[in-house]
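# Summary of structural features
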Amino acid sequence: MTSQETSMSNHSHIKVGVIGLGAMGRGMAASLRRAGYAVHVCDVRAEAAQAFAAEGGIACATPAELAAACEIVISVVVNAAQTEQVLFGEQGAAAAMKPGSLFVMCSTVDPNWSVQLEERLAERGLLYLDAPISGGAAKAASGQMTMMTAGRPEAYAKAGGTLEAMAAKVYRLGDRAGNGSKVKIINQLLAGVHIAAAAEAMALGLREGVDAADLYEVITHSAGNSWMFENRMAHVLAGDYTPLSAVDIFVKDLGLVLDTARASKFPLPLSATAHQMFMQASTAGFAKQDDSAVIKIFPGITLPQAAAAKEAPCAS
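Residues numbered from 1 in each chain as written. Predicted model: local features only at pLDDT ≥ 70, side-chain atom pairs only at ≥ 80, totals over all residues. Heavy atoms only, no water.

## Observations regarding helix H5 (residues 80-88)
Within H5, burial applies to Thr83, Val86 and Leu87. The arc that holds every buried residue of H5, seen down its axis, measures 90°, which confines them to one face. H5 presents Ala81 and Gln85 as exposed residues on the side facing more than 90 degrees away from its buried surface. In the core, the buried residues of H5 are packed alongside strand E1 (15-19), helix H4 (63-69), strand E4 (72-75), strand E5 (102-105) and helix H6 (111-122). Capping of H5 at its N-terminal end is provided by Asn79; its side-chain oxygen lies 3.3 Å from the backbone amide nitrogen of Ala81. (Buried < 20%, exposed > 50% of the residue type's maximum accessible area, 1.4 Å probe, protein only. Helix = DSSP H or I, 4+ residues; strand = E, 2+ residues; numbered from the N terminus. Arc of directions from axis to C-beta. Contact = heavy atoms within 4.5 Å. Polar contact = N/O pair within 3.5 Å; in protein donor to acceptor, adjacent residues only side chain to side chain.)

## Things to note about the confidence of the model for the protein chain
Summing up the model confidence of the protein chain, the mean pLDDT is 94 and the portion of residues at 70 or higher is 93%. pLDDT under 50 marks residues 1-7. Its contacts with residues more than four places away, or in other chains, come to three contacts. Within the model, the stretch residues 312-316 combines pLDDT values under 50 with zero contacts to residues more than four positions away or in other chains. (pLDDT = per-residue confidence, 0-100.)

## Digging into the packing of aromatic side chains
One pass over the structure, following the stated rule, counts three aromatic pairs. A centroid spacing of 6.5 Å and a plane angle of 10° characterise the contact between Phe103 and Tyr128, whose relative ring orientation is stacked. With Phe103 in strand E5 and Tyr128 in strand E6 (residues 127-130), this residue pair connects regions lying 25 residues apart in the sequence. You can call Phe103 buried: its relative accessible area is 0%. For Tyr128, a relative accessible area of 2% gives the class buried. (Phe/Tyr/Trp six-rings, centres within 6.5 Å; stacked < 30°, edge-to-face > 60°.)

## Side note on the nonpolar core
Counting 38 residues, the largest nonpolar core has Met202, Met233, Phe278, Val294 and Ile295 as the members making the most contacts within it. Listing elements by their share of this core, those giving two or more residues are helix H10 (179-207), helix H11 (212-219), helix H12 (227-238), helix H13 (247-263) and helix H14 (269-286). Per element, the largest residue contribution to this core is eleven residues, and it comes from H10. If near-sequence neighbours (up to four positions away) are discounted, Ile295 is found in contact with Ala199, Met202, Ala203, Val236, Tyr241, Ile301 and Leu303. (Core = buried A, V, L, I, M, F, W, Y, C linked by side-chain atoms within 4.5 Å.)

## Regarding the pairing of E1
Look at any regular strand and the pattern is simple: side chains alternate between the two faces of the sheet. Of all five residues that make up E1, four are buried, and the element is covered over most of its length. Relative to E4, E1 runs parallel, the two being bridged by four bridges. When the sheet's bridge partners are listed, Ile19 is paired in E4 with Ser75. (Pairing = 2+ DSSP bridges.)

## Description of the side chain of Thr62
For Thr62, the location among the structural elements is in the loop between strand E3 (58-59) and H4. Among the residues examined, Thr62 registers a relative accessible area of 19% and is labelled buried. A polar side-chain atom of Thr62 sits 3.0 Å from the main-chain amide nitrogen of Glu65. Residues in contact with Thr62, not counting those within four places in the same chain, are Cys42 and Gln91.

As C-alpha cells, this is what we get:
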C-alpha cells in the first residue's frame, strides 16, 4: 500500500459534511473525497447533492441530517444570512452537532459577526473556524485554493488534515475568529477595485477605437496588467457574462469592506468608487451577470459579442 493509499484509508473513518455545492463547495467536497474522507453533502438543490452522491459521496436532505452524521461541518454558502439559516434555521445544523464537533465557515462576512459566531457556538460546546476562501471554482476543484483561517488551537486540532485536503495554501491568522474574515475582505477590496479599474481601462480603449483583442494582448504583457484584468477582460472579449462571480457579490463584499472601515472612520476612496460602479451595474439590470459586466455601465462603447450572437442570422 502506498503512503497516499495509507493516508486515504486513515481518513475514511472521519465523516466530513459540506453544505453548499456551488462553484466552490462542489470542488471542495470532491477534494475531500479524493483525500479519502467520508463526505456527506447538502444543498438547497437536491439534485446537486444527489449528483455528488452518484460519484461516491453521501447526500443529506437537511443541514441537521448532515450535522448529526459528521464531526466536521463545512459551510460554503453565500453570506452571513445563509450561514445563520444553515446553523440555526429550521432543520439547522447547530442543534444536531455533537459537542466537540467543528463548524468551518467559508463565506465572506463581517468580521465582527464571525467573532460573535465563535462565541455562540462555544456556548453549545462546538468548535469554530473562521475560514474564508479564495481562488475560484477551478482551484477549488483541484484542491489548489487559498484558505484564510483563524480559530482556537483545539479547532485546528479537530480539523486535522481536512483544510490541507481542500487548499494549497492554508493561512493561520490568529487563535480567535476574526482575522480570517478581515484578511478576506481586504482581498475583496483589491479584487473589486481591480475589476472596476480593468473595466474602466477596457472601456476607454473601446471608446478610443483601439481593438479590444490588441489592447488585451498588450496590457497582459505590460506593467499595467493585473490578475483580474487578465481573467475578467477575457470574459469581455468573449462576450460571455455567465456568472462565475456575479456583480452582486461585489455589491455585498465591497459593502462589507466599507462597513468595516466606517466603524473606525477609515477612508477608502477607491473602494467607495468601485462599490458605486457595481451598484450602478446591479441596478441597471446586470446584478446576476458575471462581475466583468460592470463594464456595461460605461456609455458610448460597443462591447464584443459572443461568437454565437455574431453568427446568428438577422431576424426578418
